[in-house]
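The lines below spell out each chain.
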Amino acid sequence: MTGDDRPPMPPVRLPAEAELARDALAVPLLNRAVALARWVGDGVRLTVGGELPEARVAEALDLLGLDATPDGREELADAWQVATETGLAAVLPAEDDVAPADDAGPADDAATGEVAVTGESVKLLTAGGPADVLDLWRDVWEVALSLAALRPMEGLLADALEDATGADGTLDPEALDPAALEGEAEESADLLDGALGNLYLLTATDPSLASGAMVPLPVLAASLVLPDDPDGTEQPSDAVLEEVSDVMMLLDGQLRGLQAAGAIEYRPMDEELLQEADEQPLPTQEVEDEELSRYGMVRLTPLGLHGERARLLEAGFTAPLVGDLREANAADLLGAASGYPEELAQAELEQWLVGRPVPEAAQELLGAARGADALAPRRRLLCQQGLALVGAEAEPALRAVLPDAELGGLARVWLAERGAQDVPPPDEELIFWLTVDTLAAQLDPEDPTAASPELSELMAGLVAQHSGFFEKAWRVDHPATAQVLEAMARVHPDRTAAKAARKAAYKARSRRA
C-alpha cells in the first residue's frame, strides 16, 4: 500500500520534546551504550567478529555493573551493538592512525585490523538539543527492535543445527534450510511490528492506557490472531486458541528484551505458566481479572508512543499529534477533529483557541459548523465543545446566528446556559431538529445504524420522556433523520418502540424522496 492507501491513525497526545528527551537520557540501554563508547576512548582492538576481545569483556561487564552470566553477557552484547550501530562508538580501520589502547588478547581472539573509538554521537548528549537526543534514542530503539525480533531465532537456529547434525557429530550443510530460517525471521519481525502497531492504536483510543494502565498479553496476542474481532465477542476454535497461545509465548520473549530500551513497560509472564505451556496451550479465555497479570501485561511509555509514531510516519502513515491543528483554520480543525475520540478532540480545541481573539474564533467556528453532509452534525457538536470553552466575548457571534436553521439551536443553548437575556425560546420544530442533529453527531458515519451503549441509553430515554416521539421525529427536516431513527430501531430494548422507530424511519426516507 502507498501512504494514500493507508487509513489514518488516531491522534495521540505526547509530552513536550524536552520531557521526552529527559526520559530518553534515563534509558538503561542508551546509558550502557554510552558508557561503553566513552570507555573505548582512543581505541580498543576488535575480534574477528567485531566484538570486544575476551580479555576486555570482564572489564566491560564490571563497567556496566553486569554479572558474568549468560544473561549479563547478552546485555553487554546488546549494549555494544547499540553503541556501534548508532555511532556512539565508531569502528575504524587500524591503519587510520588510531593507536589501540590494548592488545587483542589470545590468538583465538585475533584482531581484524579494526578498532573501536568513541564516536561523534556521544557529543549530542551534552552539546545537542532535545531533538538531537530523541534522534539518537530512536536509533537505539531501532537496534533494540531488530535484536528483539531475532531473539526467538536463537532457539530455532539451535534446533535446525541439531537436526542437521548426524549421530557422529558431523554437520550436514545440505540439511539446513536457510530460506526457511529467513522466513521465520521475517515472521518474527512482522509479529513484533504488528504488536507494537496494535499497542499504538489501543493507547490512542483508550484514555486509561495513556494514563498508565496496561494491556494484558492475551488481549494483545488475540488482536494479532483475530484482527477482525477486536472486542473478543466471537467464540474462537481450539486451533485459534492454540495459535493465540503460541503468539503469547513469542511476544513474551520479544517484549522482555525491549524493556531496557525505554519504550515499553512489561510485566513478564509467570514462570510457572511458561513451564505449563511446554505441556499444553496457555488458556486465553475466561481468565479472572486478578489472574490476568500472570499472563503478562504491557504498555507503551510516552517515549515508546513517540518512537512508534515516528516509525509510522516513516512508513507513510498519517499519524496526527494533538496540537498539529493549532494553526489550522476552523474548517480544517473541525473536519479533522470529527474523527477524533472525544477527549482528544477537546484537547485539540483547547489548543486551537489559545491566543485567538474570542469574537473572531467564535465566528470562525460557527461558520465551519454549517453543512448538510454526513459529518456536519459532528462538526456542530465540536463547535459547541469549543464555544463552551470561551466567555461572554463570544455572545455577539452567537446572537448573530439565532435565526439560522442549523446553528440557532446551539446558539440558544449557549446563551441560556450563561443566563443571557432576551433569548427567543425555541419552537418544537427547532427542538426536534436539534435533537436529531445531536444524535446524528454521535453515530458512526461508516455505519449510521450502529450505536454505542451510552447512545442507546440516551435514545431510549428520549422516547420514554416524549410521548409520540416517533410520530413527530420522522417529520424533522434534517438529512440524518432516517439514519437516526434506524439506529433507534436497532438498539431500543422495547420491541414495540423499535417497531415504531422502523416505521418512522421508512416515513422519513419516503418524505425526503
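Keep in mind that this is a model prediction, so the values were computed, not measured.

1. Structural notes on the overall build of the protein
Counting secondary structure elements, the protein contains 23 helices and six strands. Classification of the 513 residues of the protein by burial places 43% in the buried group. Of the contacts formed within the protein by residues at least 6 apart in sequence, a portion of 71% connects residues at least 24 apart. Carbon together with sulfur atoms contributes 51% to the accessible area of the protein, which is approximately 26100 Å² in total.

2. A word on unusual backbone geometry
A positive phi is found at Asp-422, a non-glycine position, where the angle reads about 60°. Along the chain, Asp-422 falls in the loop between helix H18 (408-417) and helix H19 (428-440).

3. Focus on the packing of helix H9 (residues 217-225) against helix H10 (residues 238-256)
For the pair H9 and H10, the least separation of the axes is 9 Å and the interaxial angle reads 120°. The hand of the H9/H10 crossing is right-handed. Between H9 and H10, the contacting residues are Leu-217, Pro-218, Leu-220, Ala-221, Ala-222, Leu-224 and Val-225 on the first element and Val-240, Glu-243, Val-244, Val-247, Met-248, Leu-251, Asp-252 and Leu-255 on the second. A breakdown of the residues in the contact of H9 with H10 according to their chemical character gives 13 nonpolar, no polar and two charged.

4. Description of the nonpolar core
Counting residues in hydrophobic clusters, the biggest one holds 79 residues, and the most contacted among them are Leu-76, Leu-88, Trp-141, Leu-251, Leu-255 and Leu-258. Ranked by residue count, the leading element in this core is helix H6 (residues 130-163), at twelve residues. Counting residues in hydrophobic clusters, the runner-up holds 33 residues, among them Tyr-340, Leu-349, Leu-353 and Leu-366.

5. Remarks on helix H2 (residues 28-40)
Because each turn of an α-helix spans 3.6 residues, side chains separated by three or four positions in sequence point in the same direction. Helix length check: H2, at 13 residues, gives a terminal C-alpha distance of 19 Å against a target of 18 Å (1.5 Å per residue), a fit within 8%. The complete set of buried residues in H2 reads Leu-29, Leu-30, Arg-32, Ala-33, Val-34, Leu-36, Ala-37, Trp-39 and Val-40.

6. So, the sheet that holds strand S1 (residues 44-45)
An order of S1-S3-S2 is seen for the three strands of this open sheet, with the pairing classed as antiparallel. Looking at strand neighbours, the two that pair on one side only are S1 and strand S2 (89-93), the edges of this open sheet. Where S2 meets strand S3 (residues 114-118), five bridges bridge the pair, whose relative direction is antiparallel. Looking across to S3, one finds that Ala-90 is bridged to Val-117. Packed onto the sheet, H2 meets S1, S2 and S3 and runs at close to 110° relative to S3.

7. Some words on the packing of aromatic side chains
All told, the structure shown has three aromatic pairs when counted by the stated rule. Ring geometry for Trp-137 and Trp-141: centres 6.0 Å apart, planes at 10°, overall stacked. A residue pair is termed a helical-turn pair when its members lie 3 or 4 positions apart in one helix, as Trp-137 and Trp-141 do in helix H6 at four residues. By relative accessible area, which is 0% here, Trp-137 ends up buried. A relative accessible area of 1% places Trp-141 in the buried class.

8. Considering the pairing of S3
The pairing of S1 with S3 spans two bridges and is antiparallel. Among the inter-strand pairings, Arg-45 is bridged to a residue of S3, identified as Val-115.

9. Quick word on the sheet that holds strand S5 (residues 264-267)
In space, the three strands of this open sheet follow the order S4-S6-S5, with antiparallel pairing throughout. In the strand order of this sheet, the two ends are held by strand S4 (215-216) and S5, each with one partner. Where S5 lies against strand S6 (residues 297-300), four bridges are found, and the strand directions are antiparallel. Bridging from a neighbouring strand, Glu-265 pairs with Arg-299 of S6.

10. Quick look at a positive patch on the surface
On the surface, a cluster of positive charge is made up of Arg-495, Lys-499, Arg-502 and Lys-503. Checked against the element boundaries, Arg-502 lands in helix H23 (residues 495-512).

11. Quick look at the environment of Leu-25
Position of Leu-25 among the secondary structure elements: in helix H1 (residues 17-25). Taking the C-alpha atoms as reference points, Leu-25 and Val-133, 108 residues apart in sequence, are found 7.6 Å from one another. Setting aside its immediate chain neighbours within four residues, Leu-25 contacts Leu-30, Asn-31, Leu-125 and Val-133.

12. Notes on the pattern of salt bridges
Side-chain pairs of opposite charge can arise where the charged atoms are in close proximity. Scanning all chains against the criterion turns up 23 salt bridges. Close ionic contact of Arg-370 with Asp-404 constitutes a salt bridge, the shortest N to O distance being 3.0 Å. Residue Arg-370 is located in the loop between helix H15 (358-369) and helix H16 (376-387), and its partner Asp-404 is located in the loop between helix H17 (395-400) and H18; the two are separated by 34 residues in the primary sequence. For Arg-370, a relative accessible area of 37% translates into the label partly exposed. Among the ionic pairs, Arg-475 bridges to Glu-471, the shortest N-O distance being 2.6 Å. Residue Arg-475 is classed as partly exposed on the basis of its relative accessible area, which comes to 45%.

13. Observations regarding the environment of Ala-369
Within the fold, Ala-369 resides in helix H15. Counting along the chain gives 35 residues from Ala-369 to Leu-334, while the straight-line C-alpha distance between them is 7.6 Å. Not counting residues within four places of it along the chain, the set of residues in contact with Ala-369 comprises Leu-334, Ala-376, Arg-379, Arg-380, Cys-383 and Leu-407.

14. Some words on a negative patch on the surface
Residues Glu-184, Glu-186, Glu-187 and Asp-190 make up a contiguous surface patch of negative charge. Position of Glu-184 relative to the elements: it lies in helix H7 (residues 178-205). The exposure class of Glu-184 is partly exposed, given its relative accessible area of 36%.

Parameters at a glance
Per-chain numbering applies: the sequence of each chain, read as written, is numbered from 1 onward. In keeping with the model being predicted, local features are shown solely for residues with a pLDDT of at least 70 and side-chain atom pairs are shown and tallied solely at 80 or more, while totals for entire chains, interfaces and linings include all residues. Computation of side-chain values covers all heavy atoms of the structure but excludes hydrogens and water. Strands here are runs of E lasting at least two residues and helices are runs of H or I lasting at least four, both read from the DSSP assignment and numbered beginning at the N terminus. Throughout this description, buried means an accessible area under 20% of the type-specific maximum (1.4 Å probe, protein chains only), exposed means over 50%, and partly exposed covers the range between. Contacts: residue pairs with any heavy atoms within 4.5 Å of one another. Using a 1.4 Å probe, the Shrake-Rupley method yields the accessible areas, and only the shown protein chains count as cover for residues. Angles shown run from 0 to 180 degrees and are taken between the N-to-C directions of axes, each axis being a line fitted to C-alpha atoms and, for helices, limited to the stretch in contact. By definition, any crossing whose near helix is turned counterclockwise from its far helix by less than a right angle is left-handed, and any crossing with a clockwise turn is right-handed. Amino acids are sorted into nonpolar (Ala, Val, Leu, Ile, Met, Phe, Trp, Tyr, Cys and Pro), charged (Asp, Glu, Lys and Arg) and polar (every other residue, Gly among them). Here, nonpolar core refers to any group of buried Ala, Val, Leu, Ile, Met, Phe, Trp, Tyr and Cys residues whose side-chain atoms link them within 4.5 Å. The span one expects for a helix is its residue count, reduced by one, times 1.5 Å. Two strands qualify as a pair provided that DSSP identifies no fewer than 2 bridges between them. Aromatic pairing here means that ring centres of Phe, Tyr or Trp (its six-membered ring) are within 6.5 Å. Orientation follows from the plane angle: under 30 degrees is stacked, over 60 is edge-to-face, and everything else is tilted. Grouping into patches uses exposed residues only, defined as over 30% relative accessible area, and leaves out salt-bridged ones; the cut-off is 9 Å for like charges and 5 Å for nonpolar side chains (Val, Leu, Ile, Met, Phe, Trp, Tyr). Between Lys or Arg on one side and Asp or Glu on the other, a salt bridge is scored when a side-chain nitrogen of the former is within 4 Å of a carboxyl oxygen of the latter. Under this rule, positive means Lys or Arg and negative means Asp or Glu; His and the chain ends count for nothing. Just so you know, the charge point we use is NZ for Lys, CZ for Arg, CG for Asp and CD for Glu.

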